[in-house]
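Observations on the model geometry
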Amino acid sequence: MTASYLDYNATAPLRPEARNALIAALEHPGNASSIHSFGRAARQEVEAAREAVAALAGARPERVIFTAGGTEANNLALRAARRGVLASAGEHDSVLRACEPALAPLTPKGIVDLARLESLLDGEGGPDVVAVMLANNETGAIQPVAEAARIAHAHDAILHCDAVQAAGKIPVDFTALGADSMSLSAHKLGGPQGAGALILAEGHEVEPLLRGGGQERNRRAGTENLAAIAGFGAAARAALRDLDRMLEIGALRDGLERQVLDLAPEARFHGSAAPRLPNTSCFGVAGLAAETLVMALDLSGVAVGAGSACSSGKLAPSHVLRAMGTGEARAAEAIRVSLGWASTGEDIACFIAAWRACLSRCGKPKRAAV
Ligand code: PLP
C-alpha cells in the first residue's frame, strides 16, 4: 500500500534542512546566554535562526520573540488587550480560547466581514485588540488583514495576525500588512513541533507570559530551545527559498479538486470562492461523515484532516464552517486535504484511488475513472 500524507495544515513533515540543523544543534553543549565560546556559538545559532524567521515574515530580526509554538505566540500577543479582544469567528482555538473575544462573523466565502468588524469597534471603550488570521487553517481562505489593520487603527485598537498557516505557503510581509503582532509556528512549514515566534511591530510591546531570566530581550524567560530554534530557522530559510514551488502545489490541489468532483459531482467545497492558500482543499459529500471518511482513507494509507485539527483525538464539527453558515450537517461532513513541500502527483493519485474506493464502498454515484 502506498502511503500518502496530505495533512500538512495539521503538521508538515520535517524538512531535511531542519532535521540537519536540529541534530547539529543538539550536539552543542552551549547555553545561548553563556559568554564562553560554546555559549557564543549557541547564541549565533539562535540569532541566525531569528534572521531567517524575520526574513520569511518580512520583519526585523530584533522584533522576533521565539516561543514554544503558535499557541504560545497567540496567547502572548493577546495579553496586550486592556479593554478586550475582537476576533474573527474563524480564528484558531489558541486565539478564541486564550481570551473571551467578541466575534466578528465570517461571510459564506469564509472571509471576515469587515463591515461588521468595524461596527463592533464603533463607540467608546470597545475592544483594543483585533485578531484576524492571515489564512484559515481549515479552508485556506486568505483574510483581508491589511484592511482589518486599518480599521483597527482607526478605532484606537491594534491588530494581531495569526500567520501560522500562511507563512511558507504565500508571501508574508508583516510590515506591509500593518499588523502590530504576528504569530508563526515552525511545524507548519517543515520545522520541528514546539517552536514558534511572535513578531512585534516597532514600538509595540507585550507583557511576558513567562518570567524569570532576561532571555528574548526580557519578553520570554527560559533558556532558548536551541535545537528547535535552529530547526525553525532552517525550515524558514527553506520555505522562503521554495515559495515558488507553491504554484506547483496549487496546480496539484486544483487537479485533485477536479478529480474529486468527477467522481462525486455532488461534493461541496468550502472556502473555494475566496482567495485561498494554494495547498488547502476543504470539502464534503452529503451523507458521508467526515470521521468515517478520514478513517476509510486512513485504511487506504491516506492521511487527511477533518474539522479543526483535533487536539484531543476527537472531532468536533468545525466552528469555522459553522461560522460560514454551512450548517451542522455540512460542517460534520467536511474533510481537509492539505499539501506541502514534499507533496507530489503520486500523493494525489493515491488520494484519488482511495477516494474512489471510499465512494464505491459507501454506495455513492460513480463515473468513469479519469
Ligand atoms: N494558529 C493556527 C491557524 C493553527 O492552525 C495552529 C495549529 O494548528 C496554531 C495557531 C497553533 O500552533 P502550534 O501548533 O504551534 O501551537
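Residues numbered from 1 in each chain as written. Predicted model: local features only at pLDDT ≥ 70, side-chain atom pairs only at ≥ 80, totals over all residues. Heavy atoms only, no water.

It is worth spelling out the pairing of strand S8 (residues 196-200) at this point. Sheet faces and side chains relate simply in a regular strand, where the side chains alternate between the two faces. Among the five residues of S8, five are classified as buried, and the element is accordingly described as predominantly covered. Of the pairings in the sheet, the one linking strand S2 (residues 64-67) to S8 comprises four bridges and is antiparallel in character. When the sheet's bridge partners are listed, Val 64 is paired in S8 with Ile 199. As defined by bridge partners, strand S7 (residues 181-185) adjoins S8 across five bridges and the pair is classed as antiparallel. For Ser 183, the partnering residue across the bridge sits in S8 and is Leu 198. (Buried < 20%, exposed > 50% of the residue type's maximum accessible area, 1.4 Å probe, protein only. Helix = DSSP H or I, 4+ residues; strand = E, 2+ residues; numbered from the N terminus. Pairing = 2+ DSSP bridges.)

This brings us to the domain arrangement of the chain. Split into domains, the chain comes out as domain 1 (4-12 + 244-361) and domain 2 (16-241). Between domain 1 and domain 2, the C-alpha centre-to-centre distance is 26 Å. Regarding the contact of domain 1 and domain 2, the summed buried area is about 2,200 Å², with carbon and sulfur atoms giving 57% of it. Looking at the side of domain 1 that touches domain 2, the elements that each hand over two or more residues are strand S10 (280-284) and helix H12 (319-323). Looking at the side of domain 1 that touches domain 2 element by element, the count peaks at four residues for H12. Along the lines of polarity and charge, the residues of the side of domain 1 that touches domain 2 split into 15 nonpolar, ten polar and two charged. (Domains from an automatic or database assignment. Buried area = accessible area lost by both parts, 1.4 Å probe. Nonpolar A, V, L, I, M, F, W, Y, C, P; charged D, E, K, R; others polar.)

Here we come to helix H11 (residues 290-299). When H11 is considered as a whole, its buried residues turn out to be Ala 290, Leu 293, Val 294, Ala 296 and Leu 297. Taken down its axis, H11 places every buried residue within 165 degrees of arc, on the same side. Summarising the geometry of H11, the exposed residues directed more than 90 degrees from the buried face are Met 295 and Leu 299. Where the residues of H11 are buried, they touch strand S11 (302-303), strand S12 (305-306), helix H13 (328-333), strand S13 (335-338) and helix H14 (345-361). In the stretch just after H11, Gly 301 is the one whose phi turns positive, near 85 degrees. (Arc of directions from axis to C-beta. Contact = heavy atoms within 4.5 Å.)

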